[in-house]
Amino acid sequence: LNDVIVVAASNRPDILDPALLRDKRIDYKIYVGRPSQAAVAKIVEINLRGAPMEGSAEELASCAASEFFSDKQVLYEIKRRSTGETMQLTLGNIVNGAMAANIAEKAKSITFGRDVKNKTESFTGKKEILEEIDAIFEENRHLDHVDEIREFVRDFHDDIADIKPLRQTLR
């Protein structure tokens, strides 16, 4: 029985039964937060390996991470009551490792599909990366990001004057 290892994971620790979290129930609790811009770049870079690329995997990954965290990818504007400050919740605030990996995989798929259709052999580049990020943005701008907003405003949730979803047009 001492050789048994149980790993449990949740992206909603706020709804776990507190009895599970009492002392001696779980030996180690590890919080894994959202990836930083540098971590997103590394995840994309790793997932681009082996693909024919226009430029280096590092350059394309850096481009992807910069775009993900840019103010062009704003999903919500959140206004604070006390300061009047308007903050932006972007794709960078909701990114996770799977989403970052998917950027590379889908960009490669765009290239492959185009090559099959046109009977060509081309390279995955910034165009495909940005096209996929736009697709991810489009998917996410219609979703309800209650948990992500709650996480974003955790430190000032009593100071919210307004949360406005943005319905932007792409590029």
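Residues numbered from 1 in each chain as written. Predicted model: local features only at pLDDT ≥ 70, side-chain atom pairs only at ≥ 80, totals over all residues. Heavy atoms only, no water.

> Provide a residue-level description of helix α5 (residues 97–118), including the pertinent values.
Three or four residues apart is the spacing at which side chains of an α-helix point the same way, because the helix has 3.6 residues per turn. Relative to the 32 Å expected for 22 residues at 1.5 Å per residue, α5 spans 32 Å between its end C-alpha atoms, a close match to the ideal helical length. When we look at burial in α5, the residues that qualify are M99, A100, A101, I103, A104, A107, K108, T111 and D115. Its buried side turned inward, α5 meets α2 (37–48), α3 (57–68), α4 (91–94) and α6 (126–140). If you check the start of α5, you find a side-chain oxygen 3.1 Å away from the backbone N of A98, and it comes from N96. Phi turns positive one or two residues past the end of α5, at K119, with a value near 55°. (Helix = DSSP H or I, 4+ residues; strand = E, 2+ residues; numbered from the N terminus. Expected span 1.5 Å × (residues − 1). Buried < 20%, exposed > 50% of the residue type's maximum accessible area, 1.4 Å probe, protein only. Contact = heavy atoms within 4.5 Å. Polar contact = N/O pair within 3.5 Å; in protein donor to acceptor, adjacent residues only side chain to side chain.)

> Go over the packing of aromatic side chains with me, naming the residues and quoting the values.
Following the criterion strictly, the structure yields 0 aromatic pairs and no others. In this structure, R80 is placed above the aromatic ring of F156, and the distance from its NZ or CZ to the ring centre is 4.3 Å. (Phe/Tyr/Trp six-rings, centres within 6.5 Å; stacked < 30°, edge-to-face > 60°. Lys NZ or Arg CZ within 6 Å of the ring centre and 35° of its normal.)

> Account for the pairing of strand β1 (residues 74–80), naming residues and giving values.
The sheet contact formed by β1 and strand β2 (residues 86–90) spans 5 bridges and is antiparallel. By the bridge assignment, V74 is partnered in β2 with T90. Here β1 folds back onto β2 in antiparallel fashion, the turn holding 5 residues, of which G84 has a positive phi close to 75°. Sheet analysis places β1 next to strand β3 (residues 160–165), joined by 5 bridges and oriented antiparallel. Directly across from K79, in β3, lies its bridge partner D162. (Pairing = 2+ DSSP bridges.)

> Give me the lowdown on the layout of surface pockets, citing residues and values where you can.
Considered as a void within the structure, the largest pocket measures approximately 1,500 Å³ in volume. Along the walls of the largest pocket sit 33 residues, with A9, S10, N11, P13 and I30 positioned nearest its centre. Elements with a minimum of two residues in the lining of the largest pocket: α1 (18–21) and α7 (146–152). By residue number, the principal contributor to the lining of the largest pocket is α7, which donates 4 residues. In the lining of the largest pocket, the residues fall into 17 nonpolar, 5 polar and 11 charged. (1 Å grid on protein atoms, 1.4 Å probe; cavity = no way out; pocket = protein on both sides within 12 Å on 5 of 7 lines; lining within 4 Å. Points joined across faces, edges and corners; volume = space filled by probe spheres on them. Nonpolar A, V, L, I, M, F, W, Y, C, P; charged D, E, K, R; others polar.)

> Would you mind going over the sheet that holds β1 in detail, with residue names and values included?
Read across the open sheet, the 3 strands follow the order β2-β1-β3; overall the sheet is antiparallel. Lying at the two open borders of the sheet, with one neighbouring strand each, are β2 and β3. Strand after strand, the sheet turns through a mean of 20° between neighbouring axes, direction not considered. (Axes fitted to C-alpha atoms, helices over the stretch in contact; angles between N-to-C directions.)

> Before we move on, can you summarise the pattern of salt bridges with the specific residues and values?
Tallied over the full model, the rule gives 10 salt bridges. Notably, a salt bridge pairs E128 with R114, separated by 2.6 Å at the nearest N-O pair. Residue E128 is located in helix α6, and its partner R114 is located in helix α5; the two are separated by 14 residues in the primary sequence. According to the relative accessible area criterion, E128 is buried, its value standing at 5%. (Salt bridge = Lys/Arg side-chain N within 4 Å of Asp/Glu carboxyl O.)

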